[in-house]
Amino acid sequence: MSRIALLSNWYSSKLTVKNHVIMMIFFLTSYFGLIIFTFVPLSNQIEKSGYSTADLQNASDRNQIETILTAFEPFMNEVQLLTFFDYMFIIAGVGLAWSIFSIIRKSNSDSKFIMRYCDIGFIITAISRSLDALENLFVILIYSNKDNFQNWLISAVNSVEDVKWIFVTIEYVLLFITILFHFLFRFSKGRKKIE
């Protein structure tokens, strides 16, 4: 646990609360900007093939993947761009979560309970986004070598995706709980000052 706290403390201490807020706004803007200006239009183009990249990730056998990749051929530039922007999305997601955890951590340095949640949140975010990046890598290996890709990549994509969503769920639940505890802690401190 102390090693987790070291990473969390190291990152949080690099900037002031004000600067972490600026970073949070930047990553939040990037996060939603990527969805609106890249994911939506590129996904709409790719879906003209009759399939989506989600279909490729969920395919469970070689025949399904070959059918999808054949349909993707006229849209391969869009598929590659979407993969590139997905990595940008992962970076924005890590930056956003870590900025929020840093703000809460620095604002509640007198609460070991909240700081512990922030420390765990740092690691869970890193794991969930690393799994997302790994899943994308496996998908790249499949579509960049559609005639000769290894069969183990199919099960690898499916397995990594399942584990990724477990950690993503934990990450968002932790984020919500930590934000909730932050406001409850600030509220209780405010009431004590008034009394």
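Please read all numbers here as calculations on a predicted model, not as lab measurements.

**Student:** It is not clear to me how the overall build of the protein should be interpreted in this structure. Could you clarify?
**Tutor:** In terms of helices and strands, the protein carries seven helices and zero strands. Taken along the three principal axes of its C-alpha coordinates, the protein extends 70 × 35 × 25 Å. Taken over 195 residues, the protein has a buried fraction of 42%. Long-range pairs, those at least 24 residues apart, make up 79% of the contacts in the protein between residues at least 6 apart in sequence. Element-wise, carbon and sulfur atoms account for 66% of the exposed surface of the protein, whose accessible area totals about 11,000 Å².

**Student:** Hey, could you run me through the pattern of salt bridges in this one?
**Tutor:** If charged atoms from side chains of opposite charge come close, those side chains can pair. Within the structure shown, the criterion is met by seven salt bridges. Between E171 and R129 there is a salt bridge whose closest N-O contact spans 3.3 Å. In this pair, E171 is assigned in helix 7 (residues 152-194) and R129 in helix 6 (residues 112-143), connecting sequence segments 42 residues apart. Taking relative accessible area as the criterion, E171 reaches 2% and is therefore assigned buried. Its salt-bridge partner being D147, residue K146 comes within 3.8 Å of it at the nearest N-O pair. Among the residues examined, K146 registers a relative accessible area of 24% and is labelled partly exposed. Judged by its relative accessible area of 57%, D147 falls in the exposed class. One network of salt bridges, in which partners are shared, links E73, K146 and D147.

Quick notes on the rules
Residues numbered from 1 in each chain as written. Predicted model: local features only at pLDDT ≥ 70, side-chain atom pairs only at ≥ 80, totals over all residues. Heavy atoms only, no water. Helix = DSSP H or I, 4+ residues; strand = E, 2+ residues; numbered from the N terminus. Buried < 20%, exposed > 50% of the residue type's maximum accessible area, 1.4 Å probe, protein only. Contact = heavy atoms within 4.5 Å. Areas by Shrake-Rupley, 256 points an atom, 1.4 Å probe, with all protein chains shown as cover. Salt bridge = Lys/Arg side-chain N within 4 Å of Asp/Glu carboxyl O.

So, to be careful, I would describe these as geometric facts and stop short of saying anything about function.
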